[in-house]
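Chain and residue survey
Here are the chains, one letter per residue:
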Amino acid sequence: MIRPIDPSDERVVGKIAYQTGFFGQSAAPYFSNERLFARLWVGPYFRGGGFACLVAESGGEVLGYILGSPNSAQYGRALRRVLLGRTLSRLAPLRQTWASLPYLLRAARYPSPHANWQQFPAHLHINLLPQARGLGVGKRLLAAHLELLRGAGVAGVQLSTTTENRAALELYRRFDFVPLASAETPLWTPWLGHPAEHVGLGLGLGEDAGGSPSNFNLSRV
Ligand SMILES: CC(C)(COP(=O)(O)OP(=O)(O)OC[C@H]1O[C@@H](n2cnc3c(N)ncnc32)[C@H](O)[C@@H]1OP(=O)(O)O)[C@@H](O)C(=O)NCCC(=O)NCCS
């Protein structure tokens, strides 16, 4: 069953984000503080930044999610709320947080590519637990999410992934996402063992929608 997320889903969605945050596997190798990871990556969507966020559930168990935000300004405000929140300061001093610092510094140094925010104002993340993959759940989540975006008149949606995420690339291709740019990134090299290939994709949702490589900002990867 696909259903809208509920505030009470934050914990399980955060856990899934962590369990799948390293090319579909656990983010533990590069980020040892699970609660901080969840707060940073998932928190903004539960604090006013989210739109058309859905979970896939079976037998009462949440198996995956799609999180989206309709525009960068709304997401940015929610992220600031998380960064300035008191809960974050409670999570941050934990000892394992320091082990996560190298990744945070690298993420700031090697940010993901992004498209022109006017043409593709929305962005999304989709992640499923291993047992839910390859069964069409991703297609159903993405179809439902895009329908909600179209219904709300959102002009376009963008995301960034890597060539390591084979299933994700296939999924986006099925929905006519356009690969707008790609570039090698050393962001995960210490844990992956080699550079990854960042890929930026966009999908126009309006009638005159489209994408072009010139709309991508890849200057720092
Ligand atoms: C990416 C992900 C959301 C896709 O969802 P999914 O439910 O596994 O995918 P689906 O079963 O809906 O399949 C979608 C399409 O991709 C193809 N596909 C699925 N798994 C694949 C795989 N491992 N390799 C290649 N193609 C694959 C399918 O053939 C399908 O197309 P078709 O049905 O028209 O043939 C899911 O696999 C996942 O969470 N992976 C790990 C985390 C991740 O990479 N998230 C995305 C980050 S950008």
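Let me sum up the structure you'll find in this document.

Take the pattern of salt bridges next. One pass over the structure, following the stated rule, counts seven salt bridges. A salt bridge links Glu10 to Arg47; the nearest nitrogen and oxygen atoms lie 2.9 Å apart. Separated by 37 residues along the polypeptide, Glu10 in helix H1 (residues 10-19) and Arg47 in helix H3 (residues 43-49) bring together distant segments of the chain. Using a relative accessible area of 18% as the deciding quantity, one classes Glu10 as buried. Residues joined in a network through salt bridges with shared partners are Arg3, Asp9 and Glu57.

Now for the nonpolar core. Of all hydrophobic cores here, the largest spans 56 residues; its most connected members are Leu124, Leu142, Leu146, Val157, Tyr172 and Phe177. If we skip the residues at most four places from it in the chain, Leu142 touches Ile66, Leu124, Ile126, Leu171, Tyr172, Phe175 and Phe177.

The next subject is the packing of aromatic side chains. Evaluation of the coordinates by the stated rule reveals 15 aromatic pairs. When the centroid spacing of 5.6 Å and the interplanar angle of 55° are considered together, the rings of Phe22 and Tyr30 count as tilted. Taking the centre distance of 6.4 Å and the plane angle of 65° together, the rings of Tyr30 and Phe37 count as edge-to-face. For the pair Tyr30 and Phe37, one class covers both residues: buried.

How each quantity is defined
Sequence positions are assigned chain by chain, starting from 1 and proceeding in written order. In view of the model being predicted, local features appear only for residues whose pLDDT reaches at least 70, and side-chain atom pairs are presented and counted only at 80 or more, with totals across whole chains, interfaces and linings using the full set of residues. To get the side-chain values, all heavy atoms of the structure are used, and hydrogens and water are removed first. Salt bridges are counted wherever a side-chain nitrogen of Lys or Arg sits within 4 Å of a carboxyl oxygen of Asp or Glu. Put simply, DSSP H or I for four residues or longer makes a helix, DSSP E for two residues or longer makes a strand, and each gets a number counted from the N terminus. When a residue's accessible area, from a 1.4 Å probe over protein chains only, is under 20% of the maximum for its type it is buried; when over 50% it is exposed; and in between it is partly exposed. Put simply, buried Ala, Val, Leu, Ile, Met, Phe, Trp, Tyr and Cys residues joined by side-chain atoms within 4.5 Å make one nonpolar core. The contact rule is simple, with two residues in contact once any of their heavy atoms fall within 4.5 Å. Side-chain rings of Phe, Tyr and Trp (the six-membered ring for Trp) are treated as a pair once their centres are within 6.5 Å; stacked means planes under 30 degrees apart, edge-to-face means over 60, and tilted covers the remaining angles.

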